[in-house]
Amino acid sequence: KLSIKEQSTKEFNLILIIFFPLSVFMWPVVISLRKAYCLYKYHSTKGPEQLKWKAGSNIMAKKAGMVHLSEVCIESTFLSILNWYILLPNFLMNLNIYLDSPDNSLILSAVSFLISIFSLAWSYTSYIAEQKDGALSLTWDPTSRIVLFISNLLL
């Protein structure tokens, strides 16, 4: 028979095995919900309490931006590398055949690669704009956001 300490350790390990992968997959959702809650509390309170929630809302906005950035980097970076790995050898060997062929798989791969690159550049742009607290807003002055996007696109 197991002692109480061994039994609690075994239960803790079982809980850890079950909930750790779930928490990793649900991390973006949890951060988004916490950000929404902080924003709700900020907009629904008044006075010094509102200032407290504004600080919490800013912290959660930065965390949410980091979560979004890591999510996009994981998706777009590997997708574009994979597309480039598939695209480049076929493109170089059969350039003339693919350009005259009715099969559009090469063109679709190229479009997918470009969309991944644009998505990654826009994600970096959004993250930097989030850190500037609205200074790079698309509604006030879209020129600065577009210049930053082009800069990130050319990196």
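Remember, predicted model here, so these are calculated numbers, not experimental data. (Residues numbered from 1 in each chain as written. Predicted model: local features only at pLDDT ≥ 70, side-chain atom pairs only at ≥ 80, totals over all residues. Heavy atoms only, no water.)

1. Notes on the overall build of the chain
And then number 1: Helix and strand content of the chain: five helices and zero strands.
And then number 2: For the chain, the α and β elements follow one another from N to C terminus as α-α-α-α-α.
And then number 3: Classification of the 155 residues of the chain by burial places 21% in the buried group.
And then number 4: Sequence-distant contacts in the chain: of pairs separated by 6 or more residues, those separated by 24 or more amount to 59%. (Helix = DSSP H or I, 4+ residues; strand = E, 2+ residues; numbered from the N terminus. Buried < 20%, exposed > 50% of the residue type's maximum accessible area, 1.4 Å probe, protein only. Contact = heavy atoms within 4.5 Å.)

2. Points about the packing of aromatic side chains
And then number 1: The final tally for this structure, using the stated rule, is three aromatic pairs.
And then number 2: Between Trp-122 and Phe-149 the ring centres are 5.4 Å apart and the planes differ by 65°, which places this aromatic pair in the edge-to-face class. Taken together, the residues Trp-122 in helix H4 (residues 105–131) and Phe-149 in helix H5 (residues 142–153) connect sequence positions 27 residues apart.
And then number 3: Looking at Trp-122, the relative accessible area reads 34%, which means it is partly exposed.
And then number 4: An aromatic cluster is present here, built from Phe-118, Trp-122 and Phe-149 joined pairwise through their rings. (Phe/Tyr/Trp six-rings, centres within 6.5 Å; stacked < 30°, edge-to-face > 60°.)

3. Quick word on the pattern of salt bridges
And then number 1: Taken as a whole and judged by the stated rule, the model has one salt bridge.
And then number 2: Measuring nitrogen to oxygen at the nearest pair gives 3.4 Å for the salt bridge that ties Lys-52 to Glu-49. Residue Lys-52 and its partner Glu-49 are located together in helix H2 (residues 48–93), separated by three residues, close to a single helical turn.
And then number 3: The exposure class assigned to Glu-49 is partly exposed, which follows from its relative accessible area of 38%. (Salt bridge = Lys/Arg side-chain N within 4 Å of Asp/Glu carboxyl O.)

4. Some remarks on the environment of Tyr-124
And then number 1: For Tyr-124, the location among the structural elements is in helix H4.
And then number 2: Here Tyr-124 falls in the partly exposed class, since its relative accessible area comes to 33%.
And then number 3: As for Tyr-124 and Gly-65, which are separated by 59 residues in sequence, their C-alpha atoms are 9.7 Å apart.
And then number 4: Those residues in contact with Tyr-124 that sit more than four places away from it in its chain are Leu-69, Cys-73 and Asn-152.

5. Points about H5
And then number 1: Compared with an ideal rise of 1.5 Å per residue, which puts twelve residues at 16 Å, H5 spans 16 Å between its outermost C-alpha atoms and is within 8% of the ideal.
And then number 2: Arg-145, Leu-148, Phe-149 and Asn-152 are the residues of H5 that are buried. In a view along the axis of H5, the buried residues occupy a sector of 100°, so they form one face of it. (Expected span 1.5 Å × (residues − 1). Arc of directions from axis to C-beta.)

6. Side note on a nonpolar patch on the surface
And then number 1: Together, Leu-14, Ile-15, Ile-17, Ile-18, Phe-19, Leu-22, Phe-25, Met-26, Val-29, Val-30 and Leu-33 give the surface a local cluster of nonpolar side chains, amounting to about 1,100 Å² of exposed area.
And then number 2: Note that Leu-14 resides in helix H1 (residues 4–44).
And then number 3: By relative accessible area, which is 51% here, Leu-14 ends up exposed. (Patch = residues over 30% accessible without salt bridge, like charges linked within 9 Å, V, L, I, M, F, W, Y side chains within 5 Å. Areas by Shrake-Rupley, 256 points an atom, 1.4 Å probe, with all protein chains shown as cover.)

7. Examining the environment of Ile-74
And then number 1: Secondary-structure assignment places Ile-74 in helix H2.
And then number 2: What makes Ile-74 exposed here is its relative accessible area of 54%.
And then number 3: In the structure, Ile-74 is positioned 46 residues away from Leu-120 in sequence and 9.6 Å away in space, judged by C-alpha atoms.

8. Quick word on the side chain of Arg-145
And then number 1: Structurally, Arg-145 can be placed in helix H5.
And then number 2: Taking relative accessible area as the criterion, Arg-145 reaches 12% and is therefore assigned buried.
And then number 3: Discounting chain neighbours no more than four positions away, the residues touching Arg-145 are Trp-122, Thr-125, Ser-126, Ala-129, Leu-136, Ser-137 and Leu-138.

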